[in-house]
Amino acid sequence: MSIPSTVIYFTAYDRIKYRLGYDEHDTSTCHVPVAAGILARALAVVLFNPLELLRTKMQSSRLSYFQLKEAIKISIGNNGLVFVMKGLGPSLLRDIPFSAIYWFGYEFTKSYQMRHYHTTDVNLILTFASGAVCGSTRLLFCGETRKCDCAFPVGCSADPAI
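About the cut-offs
- Residues numbered from 1 in each chain as written.
- Predicted model: local features only at pLDDT ≥ 70, side-chain atom pairs only at ≥ 80, totals over all residues.
- Heavy atoms only, no water.
- Axes fitted to C-alpha atoms, helices over the stretch in contact; angles between N-to-C directions.
- Helix = DSSP H or I, 4+ residues; strand = E, 2+ residues; numbered from the N terminus.
- Left-handed = near helix turned anticlockwise from the far one by under 90°.
- Contact = heavy atoms within 4.5 Å.
- Nonpolar A, V, L, I, M, F, W, Y, C, P; charged D, E, K, R; others polar.
- Patch = residues over 30% accessible without salt bridge, like charges linked within 9 Å, V, L, I, M, F, W, Y side chains within 5 Å.
- Areas by Shrake-Rupley, 256 points an atom, 1.4 Å probe, with all protein chains shown as cover.
- Salt bridge = Lys/Arg side-chain N within 4 Å of Asp/Glu carboxyl O.
- Phe/Tyr/Trp six-rings, centres within 6.5 Å; stacked < 30°, edge-to-face > 60°.
- Core = buried A, V, L, I, M, F, W, Y, C linked by side-chain atoms within 4.5 Å.
- Buried < 20%, exposed > 50% of the residue type's maximum accessible area, 1.4 Å probe, protein only.
- Expected span 1.5 Å × (residues − 1).

A.B. asks: How should I be thinking about the packing of helix H1 (residues 2–19) against helix H2 (residues 32–61) in this particular structure?
C.D. replies: A packed helix pair is summarised by two numbers, namely the angle formed by the two axes and the spacing between the axes. One way to put it is that H1 packs onto H2 with a least axis distance of 8 Å and a crossing angle of 150°. The element H1 and its partner H2 pack so that their crossing is right-handed. Only Val32, Pro33, Ala36, Gly37, Leu39, Ala40, Arg41, Leu43, Ala44, Leu47 and Phe48 of H2 make contact with H1, whose side of the interface consists of Pro4, Ser5, Ile8, Tyr9, Ala12, Tyr13, Ile16 and Lys17. Partitioning the contact of H1 with H2 into residue classes produces 15 nonpolar, 2 polar and 2 charged.

A.B. asks: Can you walk me through a nonpolar patch on the surface in this structure?
C.D. replies: A contiguous nonpolar surface patch, about 230 Å² in accessible area, is contributed by Ile8, Leu43 and Leu47. Structurally, the position occupied by Leu43 is in helix H2.

A.B. asks: Before we go on, may I ask you to explain the packing of aromatic side chains in this structure?
C.D. replies: Ring pairs (aromatic) are described by centroid distance and by the angle formed between their planes. Counted under the stated rule, the structure contains 10 aromatic pairs. Among the aromatic residues, those joined into a cluster by ring pairs are Tyr9, Phe10, Tyr13, Phe98, Tyr102, Trp103 and Tyr106.

A.B. asks: Before we go on, may I ask you to explain the nonpolar core in this structure?
C.D. replies: Side chains of nonpolar character tend, in soluble globular proteins, to be buried together. Judged by nonpolar contacts, Tyr9, Ala12, Tyr13, Ala36, Ala40, Ala44, Tyr102, Trp103, Tyr106 and Cys134 together constitute the single largest core of 10 residues. Put simply, the parts of the chain that give this core at least two residues each are H1, H2 and helix H4 (88–116). Aside from chain neighbours lying at most four places away, what touches Tyr9 is Gly37, Ala40, Arg41, Ala44, Phe98, Ser99 and Trp103.

A.B. asks: Would you take a moment to explain the packing of H2 against H4 for this structure?
C.D. replies: Across the interface, H2 lies against H4 with an axial gap of 8 Å and an inter-helix angle of 150°. Handedness of the H2/H4 crossing: right-handed. Each of Pro33, Val34, Gly37, Ile38, Arg41, Ala42, Val45, Val46 and Asn49 in H2 lies in contact with H4, whose residues at this interface are Leu88, Ser91, Leu92, Asp95, Ile96, Ser99, Ala100, Trp103, Phe104 and Glu107.

A.B. asks: Even after reading the chapter, I still don't get H4, so can you show me in this structure?
C.D. replies: In an α-helix, one turn spans 3.6 residues; hence positions three or four apart end up facing the same way. In this model, H4 (29 residues) spans 41 Å end to end at C-alpha, consistent with the 42 Å of a helix rising 1.5 Å per residue. Just past H4, the residue His118 takes up positive phi, approximately 50°.

A.B. asks: Please clarify how the pattern of salt bridges should be interpreted in this entry.
C.D. replies: Once the charged atoms of two side chains with opposite charge are near each other, the side chains can pair. Counted according to the given criterion, the structure contains 8 salt bridges. Note that Asp14 and Lys17 form a salt bridge whose closest N and O atoms lie 3.6 Å from each other. Taken as a pair, Asp14 and Lys17 lie in helix H1 at a separation of 3 residues, close to a single helical turn. The partly exposed category is assigned to Asp14, whose relative accessible area is 38%. Salt bridges linked by common partners bring Asp14, Lys17, Glu24, Glu107 and Lys110 together as one network.

A.B. asks: Quick question: what am I supposed to make of the environment of Phe98 here?
C.D. replies: Looking at the secondary structure, you find Phe98 in helix H4. Since its relative accessible area comes to 25%, Phe98 is described here as partly exposed. Once the C-alpha coordinates of Phe98 and Ile38 are considered, the two residues, 60 residues apart in sequence, prove to be 8.8 Å apart.

So, in structure tokens, the structure goes:
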């Protein structure tokens, strides 16, 4: 599920970024990557959170597909469709700050390098350097990003219902 989620996330980021008027050569649009990163990540998390929940439940309880189907029926009967968004809050709290900081830093670093080296072309080295710097910097601000995943554990009971 990480590949489809990443494809949607990156595609949505680029589309939103340019729809909001981002321009690499215009420093007045430096805030746009923050908004685009937040919106794109929120979209990807909301779309894939139910699938992640089901995958986690299936792996934690070693359920067959039939048992998983029955657990979903029981959960819908008990809680309605709200159960598919279980854990959405912690996922958003984990991913949104990362996206905001990462995309701002990435685009800022990339545009700075483009101005510094007087180029309009984005190459692999420039992209890699921007990503590495921002990924490392993100750790200073967000720390370990997997800590809140266990705030709402799935599959800790003997009941197969989610």
